[in-house]
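# Per-entry structural report
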Amino acid sequence: MTNPEGLRYTREHEWIKVEGEKGRIGITHYAQDQLGDVVFVELPKKGRQLRQMEAFGAVESVKAVSDLYCPVSGEVVEVNSALEQKPELINQDPYGQGWMIVVKVRNAKELTALMSAQQYTSFLAQGAK
Amino acid sequence: MSAPEGPLKRTPLNHVHRALGAKMVPFGGWDMPVQYSGILEEHRAVRTAAGLFDVSHMGEFEIAGPEALPALQRLITNDASRLAPGQVQYAALTYPNGTFVDDLTVYRVGPSQFMLTVNAANIEKDYAWVRGHLTGRATATNVSDETALIALQGPKAPEILQPLTPVNLGALKYYWFTSGRVGGLEARISRTGYTGEDGFEIYLPAVQAERLWNTLLERGKGVGLLPCGLGARDTLRLEAKMALYGNDIDDQHTVLEADLGWIVKWEKGEFLGREVLARQKAEGIARKLTGFEMVGRGIARSHYKIVKDGRPIGEVTSGGPAPFLGKAIGLGYVETAFSAIGTEFDILIREQPVRARVVPSPFYKRPKK
């Protein structure tokens with residue numbers, strides 16, 4: 001599975017898609033595959049202020065609990081409420097319907113600290129956790 | 001749960017699991033499949049059709065000799081003298097303080113011949129314990145390495161297995177076993193399991209495991225049989241409120257605290273731990289293994305704290321989603337005063353209290369035919 005171009009990636013396996021002043025955030029295909037069947041997601045409320053790499057919630061599979069880290073600083077402006085009833089969207093469509101939050105990007109420079117698709121692919125190939 | 005040092009052990013089916021694309025994990029010193037197609041899918045297959053499990057990592061001991069019965073009686077809480085040849089019972093091996101060496105199933109093969117099936121992570125410990133405490137003319141032999149165990153579980157298990165064996169499965173009752181050929185191979189067929197469904201656990205020589213596995217998988221394909229891993233094994237047994245050694249039972253909790261008084265047969269004679277357990281029965285237990293379901297939004301997991309009005313009253317031992325029931329459930333030791341059905345308390349999940357309620361368990365009971 002190739003990691004979509006045009007997204008930026010964290011070492012904790014989150015992706016961010018820049019949409020104007022905002023960034024849409026989720027977890028990668030690798031992350032959902034490692035987790036297995038996702039059964040529960042805990043997401044922040046709209047208005048929450050986050051710093052880069054601050055934990056913003058948790059994703060739970062049958063057997064595991066994993067914290068979620070925000071790729072950039074900003075305010076949460078949208079939360080994917082569909083995930084409450086259908087957490088499996090994260091497994092089925094991690095880059096599409098499995099999106100988790102949208103934040104208003106406070107400082108676009110922070111994106112440079114993240115990996116490109118190619119860098120993330122190499123990162124995984126080197127056995128990254 | 002401690003695992004032995006050294007490389008992970010492999011069952012005879014290890015390469016078969018890998019060929020099927022299983023995700024492998026270490027479990028109690030063994031390299032085991034945790035899932036093939038996915039835990040939720042496998043769980044549902046067992047409840048609606050059938051699942052196939054490799055549980056060859058488990059241990060088997062043969063207890064024999066003219067005084068095998070009295071020797072065994074002194075080690076376990078249940079009454080093995082009630083077993084007819086061909087019958088099985090669930091029991092505990094106990095320390096003198098009434099806590100668990102292990103939980104196990106006891107098979108009566110003959111008047112003075114038994115097989116014990118024990119947990120994989122406890123094989124060495126249990127064998128040393130049994131050998132060290134057998135009295136009189138009785139012997140114990142560890143046949144774990146030569147013995148494979150394959151479990152076929154689910155409502156369709158009988159229709160998958162029957163064409164493969166001359167044994168009349170309709171006459172084989174729950175918690176009974178017999179010897180017979182399966183797919184041409186000599187085996188011991190036991191109507192037991194760890195899922196809460198109808199099904200069979202099939203014991204046979206390790207060298208023949210692969211043949212049997214493939215035969216069963218092929219036969220069951222048409223009716224929805226799926227290979228299932230330890231992930232689904234855990235979610236299934238939790239719905240059926242079956243204890244897991246290391247989580248719900250261990251050497252820190254007594255058989256009565258674990259709500260397993262029904263496997264203690266007080267009138268059968270002396271056994272290790274009887275005195276302590278009898279005293280505990282008379283005085284009452286301070287904490288009890290209790291089944292609960294989540295009321296608030298969240299999933300309880302092992303080691304999460306249980307609180308009542310902010311005061312700690314216990315700890316979760318096992319917890320997770322119940323895929324068939326569509327809710328989150330768990331087991332935990334709580335102060336006895338809070339173990340009654342309907343009692344509400346909170347589980348601390350990432351430091352936040354989330355409401356839970358004591359419910360009757362098993363959480364799931366298979367439909368009566």
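As a convention, each chain's residues are numbered from 1 in the sequence order in which they are written. Chain letters start at A and ligand numbers start at 1, both assigned in the order the entries are written. Confidence filtering applies because this is a predicted model: local features only for residues at pLDDT of at least 70, side-chain atom pairs given and counted only at 80 or more, and all residues used for totals across whole chains, interfaces and linings.

Bringing the overall build of chain A into the picture now. What counts as a helix is a DSSP run of H or I of at least four residues, what counts as a strand is a run of E of at least two, and both are numbered from the N terminus. When helices and strands are tallied, chain A shows four helices and nine strands. For chain A, the spread of C-alpha atoms along the principal axes amounts to about 35 × 35 × 20 Å. Counts of 20 or more other C-beta atoms within 10 Å of a residue's own C-beta define buried residues, counts of 12 or fewer define exposed ones, and intermediate counts define partly exposed ones; C-beta atoms are placed from the backbone. Sorting the 129 residues of chain A into buried and exposed places 37% on the buried side. Contacts here follow a simple rule: the backbone-placed C-beta atoms of the two residues must lie within 7 Å. Here the analysis covers contacts within chain A between residues at least 6 apart in sequence; of these, 63% occur between residues at least 24 apart.

All names here are of chain B. Tracing the chain through its elements places Ile-341 in the loop between strand S17 (327-335) and strand S18 (344-349). In sequence terms Ile-341 and Phe-292 are 49 residues apart; their C-alpha atoms lie 8.6 Å from each other. With residues near it in sequence (within four places) discarded, Ile-341 still touches Val-358, Val-359 and Pro-360.

With that settled, consider the domain arrangement of chain B. Under the domain assignment used here, chain B contains domain 1 (14-56 + 146-239), domain 2 (59-144) and domain 3 (286-358). Domain delimitation follows an automatic or database domain assignment. Between domain 2 of chain B and domain 3 of chain B, the C-alpha centre-to-centre distance is 34 Å.

Listed per partner, the contact involves nine residues of chain A and eleven residues of chain B. At the level of elements, strand S4 (38-42) and strand S6 (55-61) of chain A are the ones that each hand at least two residues to the side of chain A that touches chain B.

We now examine the sheet that holds S6(A). All names here are of chain A. Taken together, the three strands give an open sheet; going across it, the order is S4-S6-S7, and neighbouring strands pair in antiparallel fashion. Only two strands of the sheet have a single partner each, and these edge strands are S4 and strand S7 (65-69). With direction set aside, neighbouring strand axes in the sheet form an average angle of 25 degrees. Two strands pair when backbone bridges link them, and S4 and S6 are joined in this way by four bridges, in the antiparallel orientation. For Val-41, the partnering residue across the bridge sits in S6 and is Val-59. At least two bridges found by DSSP between two strands are what make those strands a pair. For helices, the fitted line uses only the C-alpha atoms of the stretch in contact; every axis is such a line through C-alpha atoms, and the angle between N-to-C directions lies from 0 to 180 degrees.

Once that is clear, we can look at the nonpolar core. Think of a nonpolar core as buried Ala, Val, Leu, Ile, Met, Phe, Trp, Tyr and Cys residues, each tied to the set through C-beta atoms within 7 Å. Within the largest apolar cluster, 134 residues are counted, with the highest numbers of intra-cluster contacts made by B:Ile150, B:Leu152 and B:Ile202. Among residues more than four places away in sequence, those in contact with B:Leu152 are B:Ala50, B:Leu52, B:Ala157, B:Ile160, B:Leu161, B:Gly199, B:Phe200, B:Ile202 and B:Leu216.

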